[in-house]
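Structural features, examined
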Amino acid sequence: MDQPATPNSFRTGPDEQGMFGIFGGRFVAETLMPLILDLERHWNEVKNDPDFRAELTDLSTHYAGRPSKLYFAEGLTKHLGGAKVYFKREDLNHTGSHKINNCLGQILLAKRMGKKRIIAETGAGQHGVASATVAARFGYPCVVYMGATDVARQSPNVFRMKLLGAEVRPVTAGHGTLKDAMNEALRDWVTNVDDTYYLIGTAAGPHPYPELVRDFQSVIGTEARAQILEREGRLPDTIIAAVGGGSNAIGLFHPFLDDKDVRIIGIEAGGRGLDGIEHCASMNAGSPGVLHGNRTYLLQNADGQIMDGHSISAGLDYPGVGPEHSWLRDTGRVEYVPILDDEALEAFKLTTRVEGIIPALESAHAIAHAVQIVPAMDKDQIVIVNLSGRGDKDVHTVASMLGMEI
Ligand SMILES: *Cc1c(COP(=O)(O)O)cnc(C)c1O
């Protein structure tokens, strides 16, 4: 079963100030501070409250479909001819990815706080859809901030959000992408202090968001750990997940951090290569700075201007990363490796053909790394890949990459 954190554990952070070593914290305007402190107080109240946990478990089970399966990917294993590959099937969740885990946790927290208006930011629209979904379920109005560029290129998700009753507000500041949408959501929050809850989409932002998002996503790793022990009678040799802001990855990794024999690998978007600017590998090619209220690795130019980055997969092109990953990188506990657009696309096609599973392009990055390392591993070794989401949303992108029209 899941292990408690021990002294010298990798599972004890963040500290009282919200720091993971030199990363994290809350670098926010003074006007935002009372809201953050109020959120922290309520979070500390509910995080070990059995009633809160019971309500979350009930929704996770009957609404989202948890526990998600741990699937032995026999076709891929045979194809690669090395270690056994397992997929943690977050793609089978309601709304098609791990994002619902976090949204259910946070909407229950909002309810506890008596907040009745939900705001969220979204890039590709996946978190916007998951937020609009839980807001519909609880009958709360929901405003989703989305960069104007993203609104134009993600119209099916914009339509989904509207069907679910959310208002989508296009943000034209900056380049009209995710980081601009996040800034706008933070601005909305300070101007609507009384009734509004900011439902953040990944394990980033000011403390306590990285901690609470990790907590809600850790159900992935807690389940996977128990499932592999049940199935194989031992822990995996390697676990792999894709890192955008880092929520599905920290969710899988956290329960394994103190299992020192388990190798842990996070995959960043290598885009078209790390030598140019067309990637989103903040930990492999960025430097520490402050973005969205926390100190972390990010993509910035010599003047400290945040850069936009690029990935074939919209969910991976966040120019920062959750602060806990920055800390895990510097401590050496977790390795972070870039995967290129083309490698992810190959893994997408391979998985579709040999498993009959169309993975999200984000998840295909994690699979692509398994494709690289599994053949050289022994047949009795075990690799778990987090299948963070399903790829239905990506078929248009893939078609155009392949030069086809749908
Ligand atoms: C949003 C998303 C990601 C990236 O976000 P994280 O916070 O890094 O998990 C990865 N996979 C899928 C399917 C997503 O929708």
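Along each chain, residue indices are assigned from 1 in the same order as the chain's sequence is written. The predicted nature of this model means local features are confined to residues of pLDDT at least 70 and side-chain atom pairs, given and counted, to a pLDDT of 80 or more, with totals for whole chains, interfaces and linings taken over all residues. Side-chain numbers come from the whole structure's heavy atoms, not from hydrogens or water.

1. Examining the pattern of salt bridges
By definition here, a salt bridge exists when the distance from a side-chain nitrogen of Lys or Arg to a carboxyl oxygen of Asp or Glu is within 4 Å. Overall, the coordinates contain 27 salt bridges when judged by the stated rule. In this structure, R112 engages D49 in a salt bridge whose closest nitrogen and oxygen atoms are separated by 3.0 Å. On the criterion of sequence distance, the pair formed by R112 in helix α4 (residues 99-112) and D49 in the loop between α1 (33-46) and α2 (50-64) is long-range, its members being 63 residues apart. One salt bridge connects K393 with E362, and the closest N-O pair in it is separated by 2.8 Å. Separated by 31 residues along the polypeptide, K393 in the loop between β14 (382-387) and α16 (395-401) and E362 in helix α15 (residues 361-373) bring together distant segments of the chain. Here the term buried applies to any residue with accessible area under 20% of the maximum for its type, exposed to any over 50%, and partly exposed to those in between, with areas from a 1.4 Å probe on protein chains only. Taking the relative accessible area as the measure of exposure, E362 reaches 10% and is therefore buried. Salt bridges sharing common partners tie together R66, K88, E90 and E223. Runs of H or I in DSSP of at least four residues are treated as helices and runs of E of at least two as strands, each being numbered from the N terminus.

2. A word on helix α8 (residues 178-191)
Residues spaced three or four apart along an α-helix point in a common direction, a consequence of the helix completing one turn every 3.6 residues. Over its 14 residues, α8 extends 20 Å from the first C-alpha to the last, a length consistent with the 20 Å expected when each residue adds 1.5 Å. Looking only at α8, the buried set comprises L178, K179, D180, A181, M182, A185, L186, D188 and W189. How far a helix is expected to stretch is found by multiplying one less than its residue total by 1.5 Å.

3. Looking at the site of the ligand
Lining the immediate environment of the ligand, one finds 16 residues, of which K99, T202, G244, G246 and S247 sit closest. We call two N or O atoms a polar contact when they sit within 3.5 Å, provided that within protein one can donate a hydrogen and the other can accept it, with sequence-adjacent residues counted only if both atoms are side-chain atoms. Contact distances for the ligand include 2.6 Å between an oxygen atom and a side-chain N or O atom of T202. One of the side-chain N or O atoms of S388 is found 2.8 Å from a nitrogen atom in the ligand. Each domain span listed reflects an automatic or database assignment of domains. When residues of the shell around the ligand are assigned to domains, at least three map to each of domain 1 (19-61 + 99-213) and domain 2 (65-96 + 218-401). Whether a residue is near a molecule or strand depends on its heavy atoms: if one lies within 4 Å, it is near.

4. Notes on the UniProt feature "modified residue: N6-(pyridoxal phosphate)lysine" (unreviewed entry) in the protein
UniProt positions are given in the numbering used here, feature names are shortened, and annotations may be inferred rather than shown by experiment. The UniProt record annotates "modified residue: N6-(pyridoxal phosphate)lysine" (unreviewed entry) at K99. By the secondary structure assignment, K99 is in helix α4. We call two residues contacting when some pair of their heavy atoms lies within 4.5 Å. Discounting residues that sit within four places of it in the chain, K99 has contacts with Q126, H127, A130, G201 and Q217.

5. Let's talk about the packing of α4 against helix α5 (residues 126-138)
The N-to-C vectors of α4 and α5 enclose an angle of 45 degrees; their axes lie 9 Å apart at closest approach. Between α4 and α5, the interaxial angle falls into the category oblique. As α4 runs across α5, the sense of the crossing is right-handed. Along its contact with α4, which presents K99, I100, N102, C103, L104, I107, L108 and K111, the element α5 presents Q126, H127, A130, S131, T133, V134, A135 and F138. Each residue is assigned to one of three groups, with Ala, Val, Leu, Ile, Met, Phe, Trp, Tyr, Cys and Pro labelled nonpolar, Asp, Glu, Lys and Arg labelled charged, and all others, Gly among them, labelled polar. Among the residues making up the contact of α4 with α5, the classes are represented as nine nonpolar, five polar and two charged. Every angle, taken between N-to-C directions, lies between 0 and 180 degrees, and every axis is a line fitted to C-alpha atoms, over only the stretch in contact when it is a helix. Note that the term roughly parallel is reserved for angles under 35 degrees, roughly antiparallel for angles over 145, roughly perpendicular for angles of 65 to 115, and oblique for everything else. Crossings are sorted by hand: turned counterclockwise from the far helix by less than a right angle, the near helix makes the crossing left-handed, and turned clockwise it makes it right-handed.

6. A look at the packing of helix α14 (residues 341-355) against α15
Relative orientation of the contacting elements α14 and α15 amounts to 90 degrees, with a least axis distance of 7 Å. Our classification of the angle between α14 and α15 gives roughly perpendicular. Packed against α14, whose contacting residues are E343, A344, A347, F348, L350 and T351, the element α15 presents L361, A364, H365, I367, A368, V371 and Q372 at the interface. Of the residues in the contact of α14 with α15, the class split is nine nonpolar, three polar and one charged.

7. Here we look at the domain arrangement of the protein
Here the domain parsing of the protein yields domain 1 (19-61 + 99-213) and domain 2 (65-96 + 218-401). Each of domain 1 and domain 2 has a C-alpha centre, and these two points are 23 Å apart. Contact with domain 1, which involves 34 residues of that partner, is made by 34 residues of domain 2. In this description, buried area is defined as the sum, over both parts, of the accessible area (probe of 1.4 Å) that is lost when the two are combined. Here domain 1 packs against domain 2, burying approximately 2,700 Å² in sum over the two surfaces, 63% of which is carbon and sulfur. When the buried area of domain 1 at its contact with domain 2 is split by residue, F20, F23 and K179 rank highest and sum to 24% of it. The tally of links between domain 1 and domain 2 comes to zero salt bridges. In this structure, the connection of domain 1 to domain 2 is made through 15 residue pairs in polar contact (both at pLDDT 80 or more).

8. Remarks on α14
Between the first and last C-alpha of α14 there are 21 Å, a value that for 15 residues agrees with the 21 Å anticipated at 1.5 Å per step. Turning to α14, its buried residues number three or more, namely D341, A344, L345, A347, F348, L350, T351 and E355. G356 sits one or two positions beyond α14 and adopts a positive phi of about 65 degrees.

9. Some remarks on the sheet that holds strand β8 (residues 196-198)
In this scheme, strands are said to pair when DSSP sees at least two bridges between them. The parallel open sheet is built from four strands, whose spatial order is β7-β6-β5-β8. Unpaired on one side and paired on the other, β7 (167-171) and β8 mark the two borders of the sheet. Strand-to-strand twist across the sheet, computed as the mean angle between neighbouring axes with direction ignored, equals 25 degrees. Bridge count for strand β6 (residues 142-147) against β7 is five bridges, and the pairing is parallel. By the bridge assignment for β7, V144 is matched with V168. α4 rests against β5 (117-122) and β8 of the sheet, and its axis sits at about 155 degrees to β8.

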